[in-house]
Amino acid sequence: MTPRFGRIASAFGQRFFSGFAFDEVDAKRLQELGQRGATVFVMRYSSRLDYFLFNWLFLLAGIRLSGFANGIRFYYYRPFGEAFRLLLRGTVQRLRYGFQGMRERGFEYTREIVREGGTIFLFLRTDKIRSQLRRRRGAVETARREVDYLKELVDTCMAHEVPVSLVPLALFWRKGTPTQRRFLNVFYGGAARPSDTGKVLSFLWNYRNLAVRVGKPIDLGEFVAEHREQGSKRVTTLVRRSLLIFLRREEKPVLGAALRPIDRVEQAVLADPEVREAMQAHDASIGRFGVRAETRTRLYLREIAAHPSSTMLAILDVLVSWMFRRLFARVEVNGLDHIVEAAKRCPVVLVPSHRSHFDYLILSWLFYERHLVPPLVAAGINLSFWPLGPIFRRGGAFFLRRSFAGNRLYSTTFRAYVQGLIKDGVTQEFFIEGTRSRTGKTLQPRLGMLGMVLDAFARGVRRDVVIVPVGFTYERLVEEGSMTGERKGQAKQAENLLNLLRAGRVLQNRFGAVTVRFGEPISLAERVDVERYREDEALRRELIDELGYEICGRINDLITAGRSSVSAAALLASPARALRIEEFRDRVRMISDLVLRMGLVRSPNLERCLEQGRPEAAVDLLLQSGVVVRREGSAGDFVEFSENARDQLAYYRATIAPALAWPAALAVSIREGRSRDATVAEAAEWLELLRLEYFPPALGVRRERLAGLLEYFETSGWVSTAEDGSLAATEAGAGQLALFAAQLRPMLECYRALLAAARDLDAPLTRAQLLASARKTLGEQLLLGEAHYSEADCPTTLGNALLLLVEERVLAADGSPRQGDTKISAGPERARVAALLARVADGLETR
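Here the residue numbering is sequential within each chain, running from 1 through the sequence in written order. Per-residue local features of the predicted model are confined to residues with pLDDT of at least 70, and side-chain atom pairs are confined, for both listing and counting, to 80 or more; whole-chain, interface and lining totals are unaffected and use all residues. Think of the side-chain values as coming from all heavy atoms in the structure, minus any hydrogens and water.

Visitor: Let's hear about the side chain of T297: which residues, and what values?
Guide: Comment: elements are numbered from the N terminus, with helices defined as DSSP H or I runs of at least four residues and strands as E runs of at least two. Assignment of secondary structure puts T297 in helix 11 (residues 293-304). Residue exposure (1.4 Å probe, protein chains only): buried if accessible area is under 20% of the type maximum, exposed if over 50%, otherwise partly exposed. By relative accessible area, which is 0% here, T297 ends up buried. Ignoring anything within four residues of it in the chain, the contact list for T297 reads V269, L270, V275, M279, L409 and T413. Every residue pair with non-hydrogen atoms within 4.5 Å of one another is taken to be in contact.

Dropping the structure here:
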């Protein structure tokens, strides 16, 4: 490397390299390694352009320059006079020593620099595009020569006790998933090893997308000492393997798996045993004149498969970045780093919450902006309309129908496609809720895709697959206008071009911040007993159910408590539609402290309001959107909202309701004269009754958390303990406990209405008819003042209550209790309805 560049090289660097620098942590670490001893930077392929870039970056960061690099001539980047002298000297040396002599001098330089504690670059592959056209003997000879330099390093460490650090480097100029090439592109080179011309052209097109990965240093001296008895040749092989593994792992999250062309995907799917069996059954059922199974399978695949395009991703990145700048104040990300580490080892399946159509756009954009290959997203077939369908398909979407029922050939084809993606190591994304939540809370899991992922793993297509829950939190939802209508049961508007054009109006508004939090990966290798899973269908079903509910629970834990959600919880804690500023301020502060204690993270905007001593500012975003208004009163300002706004506020409150459910259940259970253990036990039973709403953990964990929360209530002075160990609310705590209990009241009013409809069920009704009966009952109760919260009228909550009664065998269903035409009748445990109804009514009367 050179400390001074020529005019042309300097101008090139100023134009294209000036906007990039080493990460401060990486720069400091490399400086310290240089002070410790010799440093050997290792890259997979030789490239003069890459070497030039690192020369530039090393100078900027104050890192010791490299004194030698195998396979690289670097004289023409220097000032003209110096470059000419080096060219002349190099020509004379090549004529004097010949090819083999120059190689020996290269080995000598390597040994000398290492002994003196200098820096060199080692490229594991230096072959050019012409070498890929040679016969096998030539390729083997080239590979042997490249290993010789690494062997020289190992031999030097064996002969001399010198500190040598091997630092793997990975450099990426391009974004997007590569595709498998049928033929060698001589101009550009292989997909992973471009020619020099192709490298420069690719750089000029993609230089703004530059990414550098600096690996964990390998102490070569220590490694050699541990394996010295195995000999120099064996140690060299082990070191090279370790370096290649690192480089491949670093490349995988950035480049992803090479996607097969559609014809090869078709070949793999058609060869799947289950697909072939379904094809035979299809052909047998249609006779001689129907569409043959192979043709139909190919048509299904064309309907399903994604066709990612790096060009389309680059275009979408520009458009989406511009749109996000218009819509959102910022997009905050937490926990992505450990997902990157997981992606280096095995395929990753992302399972996000689904609150908005922006969920999948934001997730793919985040990956792309951070030089990670965007996931392939399982999207509903309703999004395949023109023109978005082709765009999404090239952006990484693969489409699935809403129902696979009655079409075995389609279901096995889709299953085989998903299995192929996992086998290829592709990062995938699907929404376990199946559709966007219209209520703000996490919906019941749809387990079809999860079952396909587990089945693929159990078949042994990969050693491990990790599932990553992802939580999205919007300070203000872009689709909040349409969501409130659909929350009441209005028909969902079909996606089409007209609605797309109308949606352009949202760009005129601002919707605050978006927070994306990645949870801890769930390793299937650690969770699934493959042999038992294959042999025991009941165990398979149980594991899928258990994992699905666990993922939903983890998603709830990843939600961020923001200004809108905390403000909504404060405003809806009583039936009144207005709240004085002083009381609103106290409620915001109390709820913010409580959700933090329950494990949620508070948004930076909410933290700022609290730190500045202005908790009332948490309502600012709702004021800007017109959901609430602030008015002047004779006794001070107050915040008011209309009856129509209750559903919008209920949506935002529902995002943090899983955290508020714990203190609410405890507040409902605290009765004068009741012991601590009895209080905790009853609170745990309330959470069990509402398990389909909040996905609480196992009973033991539940009771432990409730006991700790009860201690917090006592420390806060809200609950006192008598000499006999019984509990009672203090005078100061009565209002706070009532505030917490009110968070459950809409839910309990909804459950009470469904239980009343189940009690009056004399003859079988369809699901739709039973829910309509419950909504009619609830409407009457609201009109008569027997119920107080209009947001209790929620078809999703009624559906969860119905599903609970079916699970408890209080009601029976002749099909899926999620389908509107399923017949619902009395179940074996019908007699429990009265007790459940009395229990819910008792909970509504407390506080």
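Visitor: Help me get a handle on the pattern of salt bridges, residues and values and all.
Guide: Here, a salt bridge means any Lys or Arg side-chain nitrogen found within 4 Å of an Asp or Glu carboxyl oxygen. Within this structure, the stated rule accounts for 48 salt bridges. In this structure, R29 engages D26 in a salt bridge whose closest nitrogen and oxygen atoms are separated by 2.9 Å. In this pair, R29 and D26 both sit in helix 2 (residues 24-36), three residues apart, roughly one turn of the helix. For D26, a relative accessible area of 16% gives the class buried. Ionic pairing is found between E685 and R839, a salt bridge with its closest N-O pair at 3.9 Å. With E685 in helix 28 (residues 676-689) and R839 in helix 35 (residues 832-845), the pair connects residues that are 154 residues apart, well separated along the chain. The class for R839 is partly exposed, based on a relative accessible area of 26%. Through salt bridges with shared partners, a single network forms among E688, R691, R702, E807, E808 and R832.

Visitor: Tell me about the nonpolar core, and please be specific about residues and values.
Guide: Grouping buried Ala, Val, Leu, Ile, Met, Phe, Trp, Tyr and Cys residues that are joined through side-chain atoms within 4.5 Å yields what is termed a nonpolar core. Counting 129 residues, the largest nonpolar core has F328, I362, V516 and F518 as the members making the most contacts within it. Take this core: its biggest share by element is 15 residues, from helix 27 (residues 646-669). Filtering out sequence-adjacent residues up to four positions away, I362 remains in contact with F324, F328, V331, F472, Y474, V514 and V516. Counting 54 residues, the second-largest nonpolar core is a separate cluster that includes V418, L421, M452 and F695.

Visitor: Quick one: what's the story with unusual backbone geometry, residue by residue and with numbers?
Guide: The residue after W386, namely P387, is reached through a cis peptide bond having omega 5°. Structurally, the position occupied by P387 is in the loop between strand 8 (376-380) and helix 15 (388-395). Positive phi outside glycine occurs at R809, with the angle close to 65°. Tracing the chain through its elements places R809 in the loop between helix 34 (795-807) and strand 23 (811-813). Using a relative accessible area of 47% as the deciding quantity, one classes R809 as partly exposed.

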